[in-house]
Amino acid sequence: EQAEVDLTLDNISIVPDSLCMACGGSGETRIMLTKIPLFREVLLSSFACPHCGERNTEVQFGGETQAKGCRMAVTCSSREDLDRQVVKSESCKVLVPDLELEIPAATQRGVVTTVEGVLTRAADE
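Since we're looking at a predicted model, the values are computed, not measured. (Residues numbered from 1 in each chain as written. Predicted model: local features only at pLDDT ≥ 70, side-chain atom pairs only at ≥ 80, totals over all residues. Heavy atoms only, no water.)

What follows concerns unusual backbone geometry. Positive phi values are uncommon outside glycine, yet Asp17 reaches one of about 60 degrees. On the basis of relative accessibility, which here comes to 66%, the residue Asp17 falls in the exposed class. With a phi angle near 50 degrees, Glu100 is a residue other than glycine that sits in the positive phi range. For Glu100, a relative accessible area of 77% corresponds to the exposed category. (Buried < 20%, exposed > 50% of the residue type's maximum accessible area, 1.4 Å probe, protein only.)

Below you can see the structure in the form of C-alpha cells.
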C-alpha cells in the first residue's frame, strides 16, 4: 500500500528572529505540521543561523498513535540504500540480523533520518 504525505510549502510557518543557542544571533525557524499515514501527526521544525552556520532539525510527534503498528523490512544491498529516509518513532524497535544488532524501543528519540542515520546513532550511543 502506498501512502502520500503532504509536504507542500503552504503548510510551512516561518518564525523569523529565532534565538541561536550557539552564537546568540538571530536565525530562522521553519515549522510544519503534517500527518503521516498509518502513523500519526508530526511537527517538523528546522532552525538555521546565517551568522554562525548552526543548524538544528527536530521532530515532535503529536496526536494519537495508530491502533495497530506496522512492520517494515528494508534490504540494503548498496550504498544508496543507506540513504533511504526513515521516520522512526520513539516506540520503534529496530532489528538488523546481519549485524546481530537490536535497537530496543524507547532507547532513541523519534527522528526523521536515513537508514545510515539510525545505525550511526546506535553506534555512537
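This brings us to the pairing of strand β1 (residues 12-19). Here six bridges tie β1 to strand β2 (residues 26-35), and the two strands are oriented antiparallel to one another. When the bridges of β2 are listed, Ile12 appears paired with Met32. Between β1 and the antiparallel strand that follows it, β2, lie six residues; Gly24 among them carries a positive phi value of about 85 degrees. (Pairing = 2+ DSSP bridges. Helix = DSSP H or I, 4+ residues; strand = E, 2+ residues; numbered from the N terminus.)

Our focus in this paragraph is the pattern of salt bridges. Throughout the structure, instances matching the rule amount to three salt bridges. A salt bridge links Arg79 to Asp83; its shortest N-O distance comes to 3.7 Å. Arg79 is paired through a salt bridge with Glu116; the nearest N and O atoms lie 3.1 Å apart. Residue Arg79 is located in the loop between β4 (55-62) and β5 (85-88), and its partner Glu116 is located in helix α1 (residues 115-124); the two are separated by 37 residues in the primary sequence. The network of salt bridges with common partners includes Arg79, Asp83 and Glu116. (Salt bridge = Lys/Arg side-chain N within 4 Å of Asp/Glu carboxyl O.)

Everything listed here is a matter of coordinates, which is why it stays silent on function.
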